[in-house]
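An overview of the molecular structure
Read off the chains here:
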Amino acid sequence: MHKVELLAEAFNLNSLKLNIENGCDAVYIGDELKHFSISELKKSVEYAHNRDKKVYVSLNKIPHENDINEIKKYIKSLIDTGIDAIVVIEPGILNIVRDVCKNITIHLSDQANVTNYETAIFWYNQGVKRVIVSKELSCEEIGQIRLKSPIDMEIEALAHGALFISHSGRKLLSNFLTGKNANKDNMINSKKNSLVEEKRPGKYFPVYEDERGTFLFNTEDLCMIEYIPELIKCGITSLRIDGKMKDEKYVAAAIKAYRKAIDTFYSEPNAWKFDPIWLEDLNKLNNRNFTSGFYLDNPNKEE
């Protein structure tokens with residue numbers, strides 16, 4: 001049986017160290033290295049590699065024509081730090097990454113919306129080593145992607161964190177309200193916004209917006225700690241803990257709980273039993289309801 005990777009988001013050098021100390025196998029760093037300089041990233045990679053851990057950097061840019069040269073320089077600086085993989089969102093950035101360094105490992109962001117094996121194989125044939133599948137998939141569907149895809153193609157999936165029903169990598173509200181390209185200018189709309197349902201006035205859904213995009217209807221957090229065997233057995237290579245809207249202590253505590261659950265499974269796969277203490281530890285950190293999302297039941301399936 002394959003050994004699943006436990007992956008978690010790092011916000012800065014301190015949270016990267018905290019994540020590794022609490023048991024993650026790899027960390028990923030969000031777009032633009034908001035809290036990392038290139039020199040800090042290099043130190044982070046050295047720290048991780050000295051402990052046999054990996055570091056991935058997400059590059060969720062949708063470039064305009066005049067961005068290309070700067071992006072090439074930026075990618076070169078990332079690769080020079082020794083990172084283990086770059087996460088891309090679209091084919092242009094994929095081509096640039098391959099041109100700058102033919103040997104760097106490439107992952108495909110969930111914003112590329114991989115929902116079937118044909119799409120997964122297409123990206124694999126373009127040089128993508130790992131596809132991060134969409135959050136709308138069931139374990140059964142992921143299992144089919146695993147079964148019908150090349151054996152060395154990796155599959156990453158969200159195990160814990162904010163579950164956005166509607167999501168865009170572009171800052172839609174900032175673009176609209178300011179008339180400027182928010183991704184390019186690194187602008188964030190600081191005003192609070194909500195959506196209201198027409199037939200239920202007074203029922204508000206908050207709209208979150210940060211450097212990663214605009215997020216709608218984020219009412220629950222995904223939590224799959226009760227279903228670790230199902231996730232592993234469907235062929236997922238890497239289980240991700242997402243840190244959106246959380247702090248570094250939350251992420252570290254979540255890593256610790258999932259580390260216990262995963263290690264317990266591998267110690268006795270056939271006798272694995274969920275320990276309620278793991279969920280109690282997570283509930284101490286959380287102020288929203290937990291959900292298993294689409295994993296256990298495909299909502300598109302006919303009754």
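For every chain, the first residue of its written sequence is number 1, and the numbers climb from 1 along that sequence. Whole-chain, interface and lining totals are the exception, using all residues; otherwise, since this is a predicted model, local features are given only for residues with pLDDT of at least 70 and side-chain atom pairs are given and counted only at 80 or more. In computing side-chain values, all of the structure's heavy atoms are included and hydrogens and water are not.

**Re the environment of Lys-53**
Convention followed: Comment: elements are numbered from the N terminus, with helices defined as DSSP H or I runs of at least four residues and strands as E runs of at least two. The contact definition used throughout considers only heavy atoms, calling two residues in contact when any of these lie within 4.5 Å.
The residue Lys-53 is located in the loop between helix H2 (38-49) and strand S3 (54-59) in this model. Sequence separation of Lys-53 and Val-27 is 26 residues, and the distance between their C-alpha atoms is 8.0 Å. If sequence neighbours within four positions are ignored, Lys-53 has contacts with Ile-20, Cys-24, Asp-25, Ala-48 and Asp-84.

**Examining the environment of Asp-275**
Structurally, Asp-275 is set in the loop between helix H10 (248-267) and helix H11 (276-283). For the pair Asp-275 and Glu-226, spaced 49 residues apart in the sequence, the C-alpha separation amounts to 8.1 Å.

**Focus: the packing of helix H1 (residues 13-21) against H10**
Going by this rule: To obtain an axis, a line is fitted to C-alpha atoms, over the contacting stretch when the element is a helix, and the angle between two such axes runs from 0 to 180 degrees between their N-to-C directions. The labels follow the angle: roughly parallel below 35 degrees, roughly antiparallel above 145, roughly perpendicular from 65 to 115, and oblique for the rest. The handedness criterion is simple: a crossing whose near helix is rotated anticlockwise from the far helix by less than a right angle is left-handed, and one whose near helix is rotated clockwise is right-handed. Side-chain classes are defined by residue name, with Ala, Val, Leu, Ile, Met, Phe, Trp, Tyr, Cys and Pro counting as nonpolar, Asp, Glu, Lys and Arg as charged, and the others, Gly among them, as polar.
Running from N to C, H1 and H10 cross one another at 15°; their axes reach a closest spacing of 9 Å. In terms of orientation, H1 and H10 fall into the roughly parallel class. Seen along the crossing, H1 lies across H10 with a hand that is right-handed. Side by side, H1 and H10 meet where Asn-14, Ser-15, Leu-18 and Asn-19 of the first sit next to Glu-248, Val-251, Ala-252 and Ile-255 of the second. Tallied by class, the residues present in the contact of H1 with H10 amount to four nonpolar, three polar and one charged.

**Let's talk about the packing of aromatic side chains**
Using the following cut-off: Side-chain rings of Phe, Tyr and Trp, where Trp is taken by its six-membered ring, are said to pair if the distance between their centres is within 6.5 Å; with planes under 30 degrees apart they count as stacked, over 60 as edge-to-face, and otherwise as tilted. Burial status follows relative accessibility: with a 1.4 Å probe on protein chains alone, a residue under 20% of its type maximum counts as buried, one over 50% as exposed, and anything between as partly exposed. Distance and angle both matter: a charge sits over a ring if NZ of Lys or CZ of Arg is within 6 Å of the ring centre and within 35 degrees of the ring normal.
Tallied over the full model, the rule gives four aromatic pairs. Ring plane angle 75° and centroid distance 5.3 Å describe the contact between Phe-265 and Tyr-266, whose orientation is recorded as edge-to-face. On the basis of relative accessible area, Phe-265 is assigned to the buried category, the value being 0%. A network of ring pairs unites the aromatic residues Trp-272, Phe-274 and Trp-278 as a single cluster. Its guanidinium or amino end placed over the ring of Tyr-266, Lys-3 lies 5.1 Å from that ring's centre, counting from NZ or CZ. Between the NZ or CZ atom of Arg-51 and the centre of the ring of Tyr-47, over which it lies, the distance is 3.6 Å.

**Focus on the nonpolar core**
Going by this rule: Buried Ala, Val, Leu, Ile, Met, Phe, Trp, Tyr and Cys residues form a nonpolar core when they are joined through side-chain atoms within 4.5 Å.
With 76 residues, the main nonpolar core has Ile-86 and Val-131 as its most contacted residues. The biggest single contributor to this core is H10, with nine residues. The residues touching Ile-86, leaving out its near neighbours within four places in the chain, are Val-57, Leu-59, Ile-75, Leu-78, Ile-79, Val-97, Ile-104, Thr-105, Ile-106 and His-107. One finds Ala-26, Tyr-28, Tyr-56 and Val-87 within the second-largest nonpolar core, a separate group that totals seven residues.

**Side note on the confidence of the model for the chain**
Using the following cut-off: Residue-level confidence of the predictor is summarised by pLDDT, bounded by 0 at the bottom and 100 at the top.
On average, residues of the chain score 85 in pLDDT, and 78% of them are at 70 or above. In this model, residues 166-174 is a region of pLDDT below 50 whose contacts with residues beyond four sequence positions or in other chains number 41 contacts. Of the regions scoring below 50 in pLDDT, residues 298-303 engages in four contacts with residues more than four places distant in sequence or in other chains.

**Comments concerning the pattern of salt bridges**
Counted only if it meets this: Basic side-chain nitrogens of Lys or Arg form a salt bridge, by our definition, when they fall within 4 Å of a carboxyl oxygen of Asp or Glu.
With the rule as written, the count across this model stands at 13 salt bridges. Glu-156 serves as the salt-bridge partner of Arg-130, at 3.0 Å between the closest nitrogen and oxygen. In this pair, Arg-130 sits in strand S6 (residues 130-132) while Glu-156 sits in strand S7 (residues 154-163), placing the two residues 26 residues apart along the sequence. Where Arg-240 meets Glu-156, a salt bridge forms, and the shortest distance between an N and an O atom there is 3.0 Å.

**Observations concerning the environment of Thr-291**
Applied cut-off: Between N or O atoms, a polar contact is any pair within 3.5 Å; within protein, one atom must be a potential hydrogen donor and the other a potential acceptor, and residues adjacent in sequence are included only when both atoms are from side chains.
Tracing the chain through its elements places Thr-291 in strand S14 (residues 289-291). Taking relative accessible area as the criterion, Thr-291 reaches 17% and is therefore assigned buried. For Thr-291 and Cys-223, which are 68 residues apart along the polypeptide, the C-alpha to C-alpha distance reads 5.8 Å. Ignoring any residue separated from it by four or fewer positions in sequence, one finds Thr-291 in contact with Leu-163, Glu-220, Asp-221, Leu-222 and Cys-223. At a separation of 3.0 Å, a polar atom in the side chain of Thr-291 contacts the main-chain amide nitrogen of Gly-293.

**What about the pairing of strand S5 (residues 105-108)?**
Our working definition: Two strands qualify as a pair provided that DSSP identifies no fewer than 2 bridges between them. When the strands point away from the viewer and the connection leading from the first strand across the helix to the second strand turns clockwise, the crossover is called right-handed.
Sheet analysis places strand S4 (residues 85-88) next to S5, joined by four bridges and oriented parallel. Among the inter-strand pairings, Ile-86 is bridged to a residue of S5, identified as Ile-106. For the crossover from S4 across helix H4 (residues 91-100) to S5, the handedness is right-handed. Both S5 and S6 contribute to a ladder of two bridges, which runs parallel. Across the sheet, the residue bridging to His-107 is Arg-130, located in S6.

**Some points on the pairing of strand S1 (residues 5-10)**
Of all the six residues making up S1, six are buried; the element is thus mostly covered by neighbouring parts of the structure. Judged by which residues are buried, S1 turns out to be covered on both faces: Glu-5, Leu-7 and Glu-9 on one side and Leu-6, Ala-8 and Ala-10 on the other are all buried. In this structure, S1 lies alongside strand S13 (residues 238-241), joined through four bridges in parallel fashion. Looking at S13, one finds that Leu-6 is bridged to Leu-239. Here S1 runs beside strand S2 (residues 26-29); their pairing, made up of four bridges, is parallel. The partner of Ala-10 across the bridge, within S2, is Ile-29. Taking the sense of rotation as the criterion, the β-α-β connection linking S1, H1 and S2 turns out right-handed.

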